[in-house]
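Residue strings, one per chain:
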Amino acid sequence: MITRRNLISGAGVGALASLVSVYKPAYAGQAPDVAGHQDAAGTAGLPYRPVKTLNGWTLPYRVNKGVKEFHLVAEEIEHEFAPGSVAKCWGYNGTTPGPTIEAVEGDRVRIFVTNRLHEHTTVHWHGFILPPGMDGVGGLNQPHIQPGETYVYEFDLVQHGTHMYHPHADEMTQMAYGMMGSFIIHPQAGEQLAIDRDYCFLLHNWALHPGTYRPNPAIMVDFDLWTFNSKVFPAIDPLVARTGERIRVRVGNLSMWNHPIHVHGVEYHVTGSDGGRWPRSQWRREVTEIVGVGQMRDIEFTGVAGDWAFHCHMAHHTMNAMGHDIPNTTGVDQTAIQREIRSILPGYMAMGRFGMAEHQEHTSGGMHAGPENTLPMMMGTGPFGNIEMGGMFTVVKVRDDMQPGDFSDPGWYQYPEGKIARRVSTDPNFGNPPRRPA
Ligand SMILES: [Cu+2]
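Residues numbered from 1 in each chain as written. Predicted model: local features only at pLDDT ≥ 70, side-chain atom pairs only at ≥ 80, totals over all residues.

A.B. asks: Teacher, can you tell me more about the overall build of the protein here?
C.D. replies: Counting its regular elements, the protein contains 5 helices and 24 strands. The buried share among the 438 residues of the protein stands at 39%. (Helix = DSSP H or I, 4+ residues; strand = E, 2+ residues; numbered from the N terminus. Buried ≥ 20, exposed ≤ 12 C-beta atoms within 10 Å, placed from the backbone.)

A.B. asks: Help me understand unusual backbone geometry in this model?
C.D. replies: As a rule of thumb, non-glycine residues mostly have phi less than zero, and peptide bonds are mostly trans rather than cis. For the peptide bond that leads from Thr96 to Pro97, omega is -10°, which places it in the cis range. With respect to the helices, strands and loops of the structure, Pro97 is situated in the loop between strand E4 (85-92) and strand E5 (101-104). Its identity is not glycine, yet Asn93 carries a phi of approximately 55°, on the positive side. Mapped onto the fold, Asn93 is located in the loop between E4 and E5. Among the residues examined, Asn93 registers 19 C-beta atoms within 10 Å and is labelled partly exposed. The phi dihedral of Asn373 falls on the positive side, at around 60°, and the residue is not glycine. In this fold, Asn373 is placed in the loop between helix H5 (358-364) and strand E22 (379-382).

A.B. asks: Would you take a moment to explain the sheet that holds strand E9 (residues 161-166) for this structure?
C.D. replies: Sheet strands pair via backbone hydrogen bonds, and the direction of the pair is either parallel or antiparallel. Sheet architecture is open: 4 strands sit in the order E5-E10-E9-E7, paired in mixed fashion. Both outer strands of the open sheet, E5 and strand E7 (124-126), are each paired with one neighbouring strand and no more. Between one strand axis and the next, the sheet turns through 25° on average, direction left out of account. (Pairing = 2+ DSSP bridges. Axes fitted to C-alpha atoms, helices over the stretch in contact; angles between N-to-C directions.)

A.B. asks: Sorry if this is basic, but what is going on with the sheet that holds strand E21 (residues 306-312) here?
C.D. replies: If you trace the 5 strands from one edge of the open sheet to the other, you get E13-E24-E21-E15-E19, paired in mixed fashion. Edge positions in the sheet fall to strand E13 (239-242) and strand E19 (288-291), since each has one partner strand and no second. Across the sheet, the mean angle from the axis of one strand to that of its neighbour is 20°, orientation sign disregarded. With 6 bridges joining them, E21 and strand E24 (residues 393-399) adopt antiparallel strand pairing. The residue of E24 that forms the bridge with Gly306 is Val398.

A.B. asks: Even after reading the chapter, I still don't get the environment of Asn216, so can you show me in this structure?
C.D. replies: Along the chain, Asn216 turns up in the loop between strand E11 (197-206) and strand E12 (225-228). According to the C-beta neighbour criterion, Asn216 is partly exposed, with 16 such atoms within 10 Å. When the C-alpha positions of Asn216 and Ala176 are compared, they lie 7.4 Å apart, and in sequence the two are 40 residues distant. Once you skip the residues sitting within four places of it in the chain, Asn216 turns out to touch Ala207 and His209. (Contact = placed C-beta atoms within 7 Å.)

A.B. asks: For this particular structure, what's the right way to read the nonpolar core?
C.D. replies: Across soluble globular proteins, nonpolar side chains show a tendency to be buried alongside one another. Within the largest apolar cluster, 82 residues are counted, with the highest numbers of intra-cluster contacts made by Leu225, Val232 and Leu239. Examining the composition of this core, we find that 6 residues originate from one element, E11, more than from any other. Excluding residues within four positions of it along the chain, Val232 makes contact with Phe81, Ala82, Leu225, Thr227, Asn320, Leu375, Gly390 and Gly391. (Core = buried A, V, L, I, M, F, W, Y, C linked by C-beta atoms within 7 Å.)

A.B. asks: Help me understand the pairing of strand E10 (residues 181-186) in this model?
C.D. replies: Along a regular strand, successive side chains alternate from one face of the sheet to the other. Of all 6 residues making up E10, 6 are buried, and the element is well covered by its neighbours. Burial along E10 is two-sided: Gly181, Phe183 and Ile185 and Ser182, Ile184 and His186, pointing in opposite directions, are all buried. By the bridge criterion, 5 bridges tie E9 to E10 in an arrangement that is antiparallel. Bridging across to E10, His163 finds its partner in Phe183.

A.B. asks: Help me understand the confidence of the model for the protein in this model?
C.D. replies: Detailed conclusions should not be drawn from predicted coordinates in areas where pLDDT is low. Of the residues in the protein, 86% reach a pLDDT of 70 or more, and the chain-wide mean stands at 87. Predicted confidence is poor over residues 1-42, with pLDDT under 50, and the contacts of this stretch with residues over four places away or in other chains come to 59 contacts. (pLDDT = per-residue confidence, 0-100.)

A.B. asks: Which parts of the structure should I look at to understand the environment of Thr288?
C.D. replies: As for its placement among the helices and strands, Thr288 is situated in strand E19. Here Thr288 falls in the partly exposed class, since 13 other C-beta atoms lie within 10 Å of it. Each C-alpha atom of the pair Thr288 and Pro260 lies 5.8 Å from the other, and the pair is 28 residues apart in sequence.

See below:
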């Protein structure tokens, strides 16, 4: 058993060295799969269950005389939010968010940061208890890392929990372009209650205005894209599990809004944060938990067979770019104006008289094509039709026959006979529903 105290003694260091040498072969040679999926088979022998980063990957490391060495590279990248929308973004090691860093409480880490941007940067280790010279605030804690330079950070991990890393230099711009990553510290003593699937992702917003190719960092409120790990629905990976498995989802927020994270079909417990896994007495039962700007929240639940929506409950955050300034057309008969516009713009179709649902029908039908490089406001098709979502939305897919460690998409849920809402009438005057007397 390694404690903080005996780590400092020579015997403790030796014990740590032999412990970390166990990790090394597990990750040795593991190539980052930028397209999106960690190799579960490459993690055998780890003294912890690795996290699954939605649409992301985990940064391999090497062990140098008992110290875990990581290397981050800050650089400009081309990023796809979903097919049909790519942009020049900034990230780490080729992706936004950057790769997830995973280590264990009690580890000493050495993190090299190479700056391939054309302006200076730093990295702040968000939520970490560390010496002030390692905290990464440019100008305050260290000189800035100039273009082309490599700096090294080195500190002990004295806590466990869900953490993040991000620049603390021209922060507004660098984060607006996508520079951020998750940093998970596993508890040294193991998990008191075992976790079967451990997911993590970061919340973010982007001012990628219709028809443009670079997010605008100066925008404060009018964002166009709302993302889980820099992806919008339906490009966000589903959270898959086997019935009865204990699932943890770790959510960090580096966007400029708070996000009420809501899961259907289960009552979950909020069980942790950057403060680690909380004592059981502090767990709270919720169905929606606000993850505030700069906060981390861990939620846990037991998998129930089915397809369950998992999303931010701000309705505009499950939409893609929209014209916020257009007049409200609900209830407005636009037949006459449609006729007039068609005389100059053949094929023009007015929209929105009865609501906005027709938007997805029209865009998927090839009408109302927006500016280039612009996603429709609503996307995604399920087994019963358009899902009419975008942005911060994905699906928890739980199946009885999902193999442990299998994260592949099982397709849509097959509903048991008679266990699905169904049509009983097409007459609007059907039945005799009670109405409040006038
Ligand atoms: Cu939100």
